[in-house]
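Single-letter residue listing:
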Amino acid sequence: MNKRFLLSIVVSMIVLVFIFSNFLHFEKFLKALISVNFYLFLASDIPYLIQAILMGYRLCWAMRKSGIKTKWMDSFLAHLFGMLGSDFSIGRTGYLLSSLPFKSKLAANIGVVSVLVVVDVIAKAIFSMISAIFFIYLFNIEINTFLFLFAVIIILGGIIFLVFLGSSKSMKLVSKIPLVGKIVLPYYEDFRNSLKELRGKTLFIFVFPLLGWILRGVEWNILGQAVGIDFPFLTWLMLHPLLSLVRLIPITVTGLGVFELTFIILFPDIESAKQVTFGMLDMINNSFVDVIGLLSLRKLRE
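Keep in mind that this is a model prediction, so the values were computed, not measured.

So, on to the overall build of the protein. Tallying secondary structure elements over the protein gives 15 helices and zero strands in all. In terms of overall dimensions, the protein is globule-like: its C-alpha atoms have a radius of gyration of 20 Å, near the 19 Å expected for 302 residues. Counting only C-alpha atoms and orienting by the principal axes, one finds that the protein spans roughly 55 × 40 × 40 Å. Within the protein, the proportion of its 302 residues that are buried is 51%. When the accessible area of the protein is evaluated, it comes to approximately 15,300 Å², of which 71% is carbon and sulfur surface.

A full pass over the atoms with the stated rule returns three salt bridges. Of the charged contacts, one joins Arg216 and Glu219 as a salt bridge, the two residues approaching to 2.4 Å between their closest N and O atoms. Note that Arg216 and Glu219 are positioned in helix α10 (residues 202-227) at a spacing of three residues, about one turn of the helix. Taking relative accessible area as the criterion, Glu219 reaches 0% and is therefore assigned buried. A salt bridge links Arg247 to Asp282, with the shortest nitrogen-to-oxygen separation between them at 2.9 Å. Of this pair, Arg247 sits in helix α11 (residues 233-247) while Asp282 sits in helix α13 (residues 272-285); the two residues are 35 residues apart in sequence, bridging distant segments of the chain.

What is expected of a backbone is that most residues other than glycine have negative phi and most peptide bonds are trans. Even without being a glycine, Asn140 presents a positive backbone phi close to 55 degrees. Mapping Asn140 onto the fold places it in the loop between α6 (106-138) and α7 (145-166).

Glancing now at the nonpolar core. Formed by 54 residues in total, the largest nonpolar core has its most connected members in Leu239, Phe263 and Phe278. Of all the elements in the fold, those that place two or more residues in this core are α1 (3-22), α2 (26-34), α6, α7, α10, α11, α12 (258-266) and α13. Dropping the residues within four chain positions of it, Leu239 is found in contact with Phe135, Trp220, Phe231, Phe263, Leu266 and Phe267. Within the second largest apolar cluster, 24 residues are counted, among which are Ala62, Leu165, Ile205 and Val289.

What follows concerns the side chain of Ser287. Counting through the fold element by element, Ser287 comes out in helix α14 (residues 287-290). Sequence-distant contacts of Ser287, defined by excluding residues within four places in its chain, comprise Asp87 and Phe88.

A word on the environment of Gly166. In this fold, Gly166 is placed in helix α7. For Gly166, a relative accessible area of 43% gives the class partly exposed. Contacts of Gly166, omitting those with residues within four sequence positions, involve Arg192 and Arg199.

Quick look at helix α4 (residues 45-65) now. End to end, α4 covers 30 Å across 21 residues, agreeing with the expected 30 Å (1.5 Å per residue, within 8%). Looking one or two places after α4, you find Gly67, whose phi comes out positive at around 85 degrees.

Let us look at the confidence of the model for the protein. Chain-level pLDDT for the protein is 86 on average; 91% of the residues reach the 70-or-more range. At the level of individual helices and strands, the protein shows its lowest average pLDDT in helix α15 (residues 298-301), which scores 63, and its highest in helix α3 (residues 38-43), which scores 95.

Glancing now at a nonpolar patch on the surface. Taken together, the side chains of Leu49, Ile53, Tyr57, Trp72, Met73 and Phe204 make up a nonpolar region of the molecular surface, amounting to roughly 510 Å² of accessible area. Broken down by secondary-structure element, the contributors of at least two residues to the nonpolar patch are α4 and α5 (72-87). Among the elements that make up the nonpolar patch, the one with the highest residue count is α4 (three residues). Mapped onto the secondary structure, Leu49 falls in helix α4.

Once that is clear, we can look at the packing of α4 against α10. Relative to each other, α4 and α10 sit at 165 degrees, their axes nearing to 8 Å. Taken as axis vectors, α4 and α10 run roughly antiparallel relative to one another. Between α4 and α10 the crossing geometry is left-handed. Every residue of α10 that contacts α4 at Pro47, Tyr48, Ile50, Gln51, Leu54, Met55, Tyr57, Arg58 and Trp61 is listed here: Phe204, Ile205, Phe208, Pro209, Leu211, Gly212, Leu215, Arg216, Val218, Glu219 and Ile222. Residues that form the contact of α4 with α10 fall into these classes: 15 nonpolar, two polar and three charged.

Counting across every chain of the model gives 27 aromatic pairs. Chaining the aromatic ring pairs together yields one cluster made of Phe134, Phe135, Phe139, Trp220, Phe231, Trp236, Phe259, Phe263, Phe267 and Phe278. Sitting above the plane of the Phe259 ring, Arg247 keeps its charged end 3.9 Å from the centroid.

Looking now at the packing of α6 against α11. Closest axis-to-axis distance for the α6/α11 pair is 8 Å, and the angle between their directions is 125 degrees. Of the possible angle classes, the one that applies to α6 and α11 is oblique. Read as a crossing pair, α6 and α11 show a hand that is left-handed. For the pair α6 and α11, contact is made by Lys124, Ala125, Phe127, Ser128, Ser131, Ala132, Phe134 and Phe135 and by Leu234, Thr235, Met238, Leu239, Pro241, Leu242, Ser244 and Leu245, respectively.

Reading the values: rules and limits
Residues numbered from 1 in each chain as written. Predicted model: local features only at pLDDT ≥ 70, side-chain atom pairs only at ≥ 80, totals over all residues. Heavy atoms only, no water. Helix = DSSP H or I, 4+ residues; strand = E, 2+ residues; numbered from the N terminus. Rg over C-alpha atoms; globule rule 2.2 N^0.38 Å. Buried < 20%, exposed > 50% of the residue type's maximum accessible area, 1.4 Å probe, protein only. Areas by Shrake-Rupley, 256 points an atom, 1.4 Å probe, with all protein chains shown as cover. Salt bridge = Lys/Arg side-chain N within 4 Å of Asp/Glu carboxyl O. Core = buried A, V, L, I, M, F, W, Y, C linked by side-chain atoms within 4.5 Å. Contact = heavy atoms within 4.5 Å. Expected span 1.5 Å × (residues − 1). pLDDT = per-residue confidence, 0-100. Patch = residues over 30% accessible without salt bridge, like charges linked within 9 Å, V, L, I, M, F, W, Y side chains within 5 Å. Axes fitted to C-alpha atoms, helices over the stretch in contact; angles between N-to-C directions. Parallel < 35°, antiparallel > 145°, perpendicular 65-115°, else oblique. Left-handed = near helix turned anticlockwise from the far one by under 90°. Nonpolar A, V, L, I, M, F, W, Y, C, P; charged D, E, K, R; others polar. Phe/Tyr/Trp six-rings, centres within 6.5 Å; stacked < 30°, edge-to-face > 60°. Lys NZ or Arg CZ within 6 Å of the ring centre and 35° of its normal.

This is how it looks when you write it as structure tokens:
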């Protein structure tokens, strides 16, 4: 097992132990878990499935724009396969697995997927800052400065990445990397060439995470009702990008532990057992849909 992944599991466990030691008893957590409305829990995946269909279309469109032949169903399954990887990865980097099922050069596939990931992450960071301002001014909730700083770093890092790819000088810079430059260059060339047709299409790509934000707000609204947390839709809508940003912090497995702790700190008046239950169910419920992506593995055997 990768040492970094193992370390992230340890960190998640430490944070969870801290939560159970300071905010709730395990018996209350079990009671909250047993009290979950199972039908609403399953229904919360419907908006997520709709989002997956849209994201499958976007992946198909991006691949075709880059000259990679694919069908919508194959792209849909590849998207879910990538999401399944991100469900149990550090900083949700596992989504890059969605580049594997396509029958084309891997470097080109990764290039397309990387741009989509970068645009999504930038969008999530922007949405989280909007959400933070919403909660600060309307709910008088204190938001840790670190979250703003983390969001800014993500936005700047994403922009630098996109600008670097678009620069003609990037090829020379890559070739001059000590020891590995000449080895990496052919792959980077395939990586960069796959993105030519996507330049200038950033705003169109950005529309999909915007629609996804709305759909995930609906999903959390339903999941919140299943757990017994009675927030209005607008609160869930604004809470989603803020807590989702926490899942990107690369110290735990998909934010496990840190997500729940942040939720408790933001809303200390809500029963912590329900908040921890919500966080854990949010982590696993999408996997019921994402597991369909394993069907894309048949493409690797062909």
